[in-house]
Amino acid sequence: MNLSIRHWLASKFIKNNYREALNSSSISGLSLRIINEIEDKSLTCFDICSLAEILELPIRLACLEIPVIIQLTQSLLSNSSQKKPLKRNEGTWQVFQIAYLLALLQILEQEIHLKKPWLNRAMFWSDVEICFPLTDGTLQALLKTLQGVKLTDTQAEQALLLMGDSFLVQQMNSATVAWLKANGAEETEAKLMVQRLSHALPGHLLEVIAQNAAGLAQLQKFVRLQVNYTSGTTTAASHLASDVHTSKIDLHCEQYRASLIKFLAEPLFLESFSLKDIYVPPKGLVFDTNSQYEPKTVQLVDLTTWLLQELENSGNITFIEALSGYGKTSFCQMLAAKVAQEIYPSWMPILIKLRDVSECNTFIETLCSGLPLYLSIHLAQWLKHEYPRCLIILDGFDELPFTTNKILKTKFIEQLVNFQSQSQHKVVLTSRPIDLTDITDETTPLRRIKMQPLEQEQLRIWFQNWIAVQSAPISQNFFMFLKQAGLFSGKSKLPELAALVRQPLMLYLLGILYRDGLLEDDIIELASSRQNGGAFIMWEIYQRLNRWLLGYPLIGGIKPILIREGTAHIHRTQDAIINLLQNHHPKDVHTQMLSLALKILHSQQHIKSEASDILPAFYFDNYTPNKIKFSHPKLGELLCADAIATQLKLLTQRQRNDYGESNFIIDNHTSIAQHIYNLLGYGIISSEIGELVIEALRQSELKDIFSVLCDRLLIVWHGYCQGRWLDELVVHNARNYYKNLENPLNVEQINAAVGLNLFFLLCDCHRMSKRIFSPCHNPQVLAQLISRTNILAPNAFSERANRKTFTALNLSNADLTQISLAGVSLEGANLTGAKLTGANLACSNLNSANLTGADLTGANLERANLTNTNLSVANLECANLTGTRLTSTILTNACLYNAILSELDKEAVSLQGAMFAPEEYRALKNILAHQSKLEGSYTSDSTTGTNIWLNSTPEIGMIESIEGEMLPEDLYEDEVDDETFIGTY
């Protein structure tokens, strides 16, 4: 005989009004009445199966009933344990009922949030009154079996030890799979959802036991409650820990620990499976010291194993670096869950995303600002105590909101080092590869490791996991597609695409495109026929992801995909697209996506906004109320590039006026400047986004878009160099715009950001339109720009530049005295006659650059690449040429007096015509200067196209010439003498 809580409630209330009648004050009284009825009828707790009651209902009704049943079951557990001590099997049965229902509710809420198509078949969106009863025979048989379970003590221990692999949970899982199938889910889809449920179950179990710890003393050790914190410590440490009240359970700590475990059930983007189901542990290369980029060993180490071994070395800060998409955040999430479930209480994991923190007075206050208020209060207490020791995982140092402020960033590192040195806690920091030399020194206790691309064995494991969550044919065909394209080869003909395959995120994205027929041989052909590199491939993938997500734009028609029964969940069906769009046009959804992406980019953090029903969860994370951010930074980069390119295209759009004349929509110079300042003044555009913007513009329908943009953007550039936009309050207006988005940049920083971003954008537009960009109408303008941008970040200019930046740039005669361009690619740059006195060009790439007549006195060219560089008549006096590559370098008449270079190099450059006597060089310079001055009388003025000699001709002579009269024969006698004079040398 079984007692149904739902039927009992229905008998006490009118119809189903008990859901509205129940509240926190009545729950306890109702549970006591149920306990009395159990005793009167000589029943046991095993005669109540809350899960089976829920699985009898259609999903729409079940979602309403689950919270009620959970509350009553929890109250039954609390009241029954107060009346008499619970046996282990009794407590285990009741705890698993509650925890399993909580996990099931978590999964259902996730599926509803993603608007999964199977919910359509379950008629979830319909009214409760028209729900159809479940009559599936298999489900009824499994529920009957589940209701008849009488858990033994041995089975209870097995359930607590094995969790998802135990007999009890397997029975629950089987019934839940049948229930999901009866509600419209496919079998494989249902199994994947239940697998996610199993991932979350230990976290919910921990939380339920912690909340009822007094009555479940026998169960505490199975979830690591009340374990002696001094285990494994020294005597001194044990004495210190004895002051901590270890007999008390910190409920907030246990709830936070449980949340880290429950996160394992989060679906991966729009999938039915979670990250854990396809996760491959990363490997890394350990660096010798924090200041050197040479790895300590070429042997890869398992990152998780290595880090767990580093825990006892609490004096060092572990710094994990990798490019976006390599899995830093995934690693942090998996590590936190592992420590919470398997290593606690030796270590207590604290996971904080640094993009969510705010700058505060102390390090602990800064960390607390990245957590919800209710949790930040307790975090401060946890960090003040030495036990349990906290493993503080700080994810995304490069995403700190105040990374544009060198002082604040340095302050953060100093506070971090100070905190680490004074506590037994351990700090792990992740970041994209960044230059730490300006904010750290050799004494900073950093242990650096760099995550590596997936190796062959890791790829094999990934494809095995892919088979488990997809299907064997799809996975095998995807593998063969990549293999036949040579993307697994170490010397692939498509290096950019091969590199993406070895990144976890990109491998997943390629996998979902392939399974839906959007990744075929055409992308291989496109990648092999173009020279655009990674930006072209990434933009092509982005375009296909949008077609996959929104069904828009349709290019080349629709390719039919045969979706057989049982595989609909694998593919993105038309139902899924309809659920997302909700009768909106996909173009409107795309426009809203770009608008939101631009706000997130401009705010440099998440934005506070009400979640939209049509906001794709694939691109945006809006699980947190009133907080929207990108689901992944890499996907955010793609959206931001699209949004910036769209805004730049507005500058090229025209419309006809009433007289049929075609004018630019944004025509006023001040309006153009305001548009650019509001677009580019938020901070520094990353190289990745910059390249994607150019690729998006290149694929624009307007053929001469780069040429038009050059003309339009030069208007802003010339005004910028003259300070016009400061005078006309354009910068201040932009400041008000960014302030509303809570971007903390001031007027000077916004002005510097626009200058930097505009400069690189102009360089790219000129290169793409095959025009020459001459920014230095004032010789010092570039040096001033570089100096100004240091307010944004150390070496902001040099870190933003890439190998293509200077190919269309004319820097002849520019004043770049003491400029710092260390490590910058100046390949092909025109630096003729440039003043580079004392410049830092160490490790820079000057391949094929033209430095004819340049002044490089005292310049640092250590380890620079001067292959094919033209240094004719250049002054390299006292320059540092240590380790410089001088292959095919043109050094005719160049001065290398007191230059620092090896004896072997001195002999080589002497044979190339270099000079080592300063007097000889200066004499030559004087001769050449005089010769240039005289030759200038025949050459055309490059800016006006008018002959210099013609400008000096008397006006009467010009008139006579035009009228066709004979000119005097002695008119050019001076020039003839000059020619003879030159010829004497």
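Thresholds applied
- Residues numbered from 1 in each chain as written.
- Predicted model: local features only at pLDDT ≥ 70, side-chain atom pairs only at ≥ 80, totals over all residues.
- Heavy atoms only, no water.
- Helix = DSSP H or I, 4+ residues; strand = E, 2+ residues; numbered from the N terminus.
- Buried < 20%, exposed > 50% of the residue type's maximum accessible area, 1.4 Å probe, protein only.
- Contact = heavy atoms within 4.5 Å.
- Areas by Shrake-Rupley, 256 points an atom, 1.4 Å probe, with all protein chains shown as cover.
- Core = buried A, V, L, I, M, F, W, Y, C linked by side-chain atoms within 4.5 Å.
- Phe/Tyr/Trp six-rings, centres within 6.5 Å; stacked < 30°, edge-to-face > 60°.
- Lys NZ or Arg CZ within 6 Å of the ring centre and 35° of its normal.
- 1 Å grid on protein atoms, 1.4 Å probe; cavity = no way out; pocket = protein on both sides within 12 Å on 5 of 7 lines; lining within 4 Å.
- Points joined across faces, edges and corners; volume = space filled by probe spheres on them.
- Salt bridge = Lys/Arg side-chain N within 4 Å of Asp/Glu carboxyl O.
- Polar contact = N/O pair within 3.5 Å; in protein donor to acceptor, adjacent residues only side chain to side chain.
- Pairing = 2+ DSSP bridges.
- Axes fitted to C-alpha atoms, helices over the stretch in contact; angles between N-to-C directions.

> Provide a residue-level description of the overall build of the protein, including the pertinent values.
Scanning the protein from N- to C-terminus turns up 41 helices and 11 strands. Counting all 985 residues of the protein, 52% fall into the buried class. Restricting to contacts in the protein with at least 6 residues of sequence separation, those with at least 24 account for 65%. Accessible area for the protein stands at about 44300 Å²; split by element, carbon and sulfur atoms hold 51% of it.

> Residue-level account of the nonpolar core, with values.
One finds Leu394 and Phe618 to be the most contacted residues of the largest nonpolar core, which totals 311 residues. Val873, Cys895, Met915 and Tyr921 belong to the second-largest nonpolar core, a separate cluster that totals 5 residues.

> Quick one: what's the story with the environment of Asp165, residue by residue and with numbers?
Turning to its location among the elements, Asp165 is positioned in the loop between helix 9 (153-162) and helix 10 (167-182). On the basis of relative accessible area, Asp165 is assigned to the exposed category, the value being 58%. Taking the C-alpha atoms as reference points, Asp165 and Ser198, separated by 33 residues in sequence, lie 9.1 Å from one another.

> If you had to explain the packing of aromatic side chains to someone new, which residues and values would you point to?
If you walk through the whole model with that rule in mind, you get 31 aromatic pairs. Here the aromatic rings of Phe759 and Phe797 are separated by 5.5 Å at their centres, their planes lie at 45 degrees, and the arrangement is tilted. With Phe759 in helix 34 (residues 747-768) and Phe797 in helix 36 (residues 796-800), this pair connects stretches of sequence that are 38 residues apart. Just as Phe759 is buried, Phe797 falls in that class too. The ring of Phe664 is capped by Arg712, whose NZ or CZ atom sits 3.7 Å from the centre of that ring. Taking NZ or CZ as reference, Arg800 lies 4.9 Å from the ring centre of Phe760, over its face.

> Can you lay out empty space enclosed by the protein for me, pointing to particular residues and giving the numbers?
Scanning the entire structure with this criterion turns up 5 cavities of 30 Å³ or more. In this structure, the largest cavity occupies an estimated 80 Å³ of space. Taken together, Ile644, Leu648, Leu680, Ile685, Gly690, Val693, Asn757, Phe760, Leu761, Asp764 and Arg800 form the lining of the largest cavity. Among the elements of the structure, helix 28 (633-649), helix 30 (687-698) and helix 34 are those that each provide at least two residues to the lining of the largest cavity.

> Just give me the short version of the pattern of salt bridges, but keep the residues and values in it.
Where charged atoms from two side chains of opposite charge approach closely, those side chains can pair. Under the defined criterion, the tally for this structure stands at 32 salt bridges. For Lys41, the salt bridge is made with Glu37, and the minimal N-O distance between the two is 3.0 Å. Judged by relative accessible area, which is 38%, Lys41 ranks as partly exposed. Measuring nitrogen to oxygen at the nearest pair gives 3.3 Å for the salt bridge that ties Glu157 to Arg88. Taken together, the residues Glu157 in helix 9 and Arg88 in helix 6 (residues 88-113) connect sequence positions 69 residues apart. Overall, the relative accessible area of 14% leaves Arg88 in the buried class. Ionic contacts of the salt-bridge type, sharing partners, join the residues Arg88, Asp153 and Glu157 into one network.

> Mind laying out the side chain of Asn845, listing which residues take part and the relevant values?
Turning to its location among the elements, Asn845 is positioned in the loop between helix 36 and helix 37 (903-911). Of note is the side chain of Asn845, whose polar atom sits 3.1 Å from the backbone nitrogen of Asn847. Among the polar contacts listed, one links the side chain of Asn845 to the side chain of Asn865, at a separation of 3.0 Å. Leave out the neighbours within four places in its chain, and Asn845 touches Val824, Ser825, Leu826, Glu827 and Asn865.

> Can you lay out the sheet that holds strand 6 (residues 426-431) for me, pointing to particular residues and giving the numbers?
Strand order in the open sheet formed by 7 strands is 2-1-7-3-6-5-4, and the pairing between neighbours is mixed. Two strands lie at the open edges of the sheet, namely strand 2 (301-302) and strand 4 (347-353), each paired on one side alone. Judged from the 4 bridges that link them, strand 3 (residues 317-321) and strand 6 form a sheet pairing that is parallel. The partner of Glu321 across the bridge, within strand 6, is Ser431. Most of the contacts of helix 16 (residues 328-343) go to strand 4, to which it runs at about 155 degrees, and overall it touches strand 3, strand 4, strand 5 (389-395), strand 6 and strand 7 (446-451). Lying on the sheet, helix 18 (residues 373-384) is in contact with strand 4 and strand 5; it crosses strand 4 at an angle near 135 degrees.

Any link to function would need more than the numbers given here.
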